[in-house]
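Fold and geometry: a report
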Amino acid sequence: MPRPDGRGARRITTRNAAFQQWSALLTNRTKRHRSGDFLVHGVRPISQALAHGWSVRALLRPVGGRPSSWAEQVWAEAGGERHELAPELLAELAQRDDGTPELVAVVGIPPDDLDRVLGDGAGTGQAPLVTVFDRPGQPGNIGTLQRSIDAFGGTGLVVTGHAADPYDPKAVRASTGSCFAVPTVRAAGPGPVLDWVADQRERGVPLQVWGTDEDGRTDLAAVPWEQPVVLVIGNETRGLAQGWREACDGMIGIPMVGSASSLNAAVAASVVLHAALRARA
């Protein structure tokens, strides 16, 4: 395999073993997490991955392409192996039928360390604002929520239980690059996260746990957003698991008018996160 120095690259024009491994990352969750890799394409997502220090394992570009200055710079400076693929193969990996991307990146998945979601509050003075998404069923909702966390000053996301995969291509696309700015961790259920909350409290981080529910009695303005907060969002159709309900310090309700009885989970979280941003400002 050539050394990834911005010049040498391995050429792939057939669906060989390497291509099949990358293709499996699109549809096979088990293989994604076993290999610790996922695929990324697009100027903003790849740029965000590099800006936030994510590990690029390989870069793929089309044979005979005319790269932009951005693509040339990434090709020359990013880490990892280099491969040139037949354009139709690269378009297949990008799941595009409207042309061939300039680059596809194979990016490493970081460890599921809950401390990552606390952010850098020690350096900025900002209290942690951690969002938990309990058993999300739609990967697109994970990506949408990551965008809102990024936009409204959240410090991280925890995806719990039997849930959609944050590294599913649909989630990555929906985040439009925010998945690289928002530390995201997976946990088996409420137990590990609540143990971590208890540990943080012992360390002097007074995390409060607030849930959201259509019958929640606490108004958004009454939540002490200036304090370290864990905000828990329930499954799109079933709401919060009982373990989360029992652990929450309070339940938040969103005032609504009209005939809608509830909001999309990611939309509801976005409303709450925006209220937190305004309160903290």
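Numbers given to residues run from 1 along each chain, matching the order in which its sequence is written. Totals for whole chains, interfaces and linings use every residue, but because this is a predicted model, local features are given only for residues with pLDDT of at least 70 and side-chain atom pairs only at 80 or more, for both listing and counting. Based on all heavy atoms of the structure, the side-chain values leave hydrogens and waters out of the count.

**Focus on the UniProt feature "domain: SpoU L30e-like N-terminal" (unreviewed entry) in the chain**
Taking the UniProt record as the reference, the feature "domain: SpoU L30e-like N-terminal" (unreviewed entry) is found at residues 16-105. Across residues 16-105, the secondary structure splits into 48% helix and 21% strand, with the terminal C-alpha atoms separated by 18 Å. UniProt positions are given in the numbering used here, feature names are shortened, and annotations may be inferred rather than shown by experiment. Each helix is a run of H or I in the DSSP string that is no shorter than four residues. Each strand is a run of E no shorter than two, and both are numbered from the N terminus.

**Things to note about the side chain of aspartate 134**
Among the structural elements, aspartate 134 can be located in strand β6 (residues 129-134). Polar contact is the term for a pair of N or O atoms within 3.5 Å; when the atoms are in protein, one must be able to donate a hydrogen and the other to accept it, and sequence-neighboring residues count only if both atoms are side-chain atoms. Within the structure, the side chain of aspartate 134 is placed 2.9 Å from the backbone nitrogen of alanine 241, a separation counted as a polar contact. In what follows, residue pairs with any heavy atoms lying within 4.5 Å of each other are defined as contacts. With residues up to four places along the chain from it excluded, the contact list for aspartate 134 reads Thr160, Ile233, Gly234, Asn235, Gly239, Leu240, Ala241 and Trp244.

**Structural notes on the domain arrangement of the chain**
Where each domain starts and ends follows an automatic or database-derived domain assignment. Domains assigned within the chain are domain 1 (10-108) and domain 2 (114-280). When each unit is reduced to the centre of its C-alpha atoms, the spacing between domain 1 and domain 2 is 30 Å. Contact residues are listed per partner, giving 14 residues for domain 1 and 16 residues for domain 2. For the pair domain 1 and domain 2, the summed buried area comes to about 1,400 Å², and 56% of that belongs to carbon and sulfur atoms. In the sections that follow, a salt bridge refers to a side-chain nitrogen of Lys or Arg positioned within 4 Å of a carboxyl oxygen of Asp or Glu. On inspection of domain 1 and its partner domain 2, the count reaches one salt bridge. At the boundary of domain 1 and domain 2, one finds seven residue pairs in polar contact (both at pLDDT 80 or more). Every element with two or more residues in the side of domain 1 that touches domain 2 is listed here: α2 (29-35), β2 (37-41) and α3 (43-51). In terms of residues, the side of domain 1 that touches domain 2 owes the most to one element, α3, which gives four residues. Split into classes, the residues belonging to the side of domain 1 that touches domain 2 amount to seven nonpolar, four polar and three charged. Defined here as a combined quantity, buried area equals the accessible surface (1.4 Å probe) lost by two parts on assembly, summed across both. Three residue categories are used. Nonpolar comprises Ala, Val, Leu, Ile, Met, Phe, Trp, Tyr, Cys and Pro, charged comprises Asp, Glu, Lys and Arg, and polar comprises the others, including Gly.

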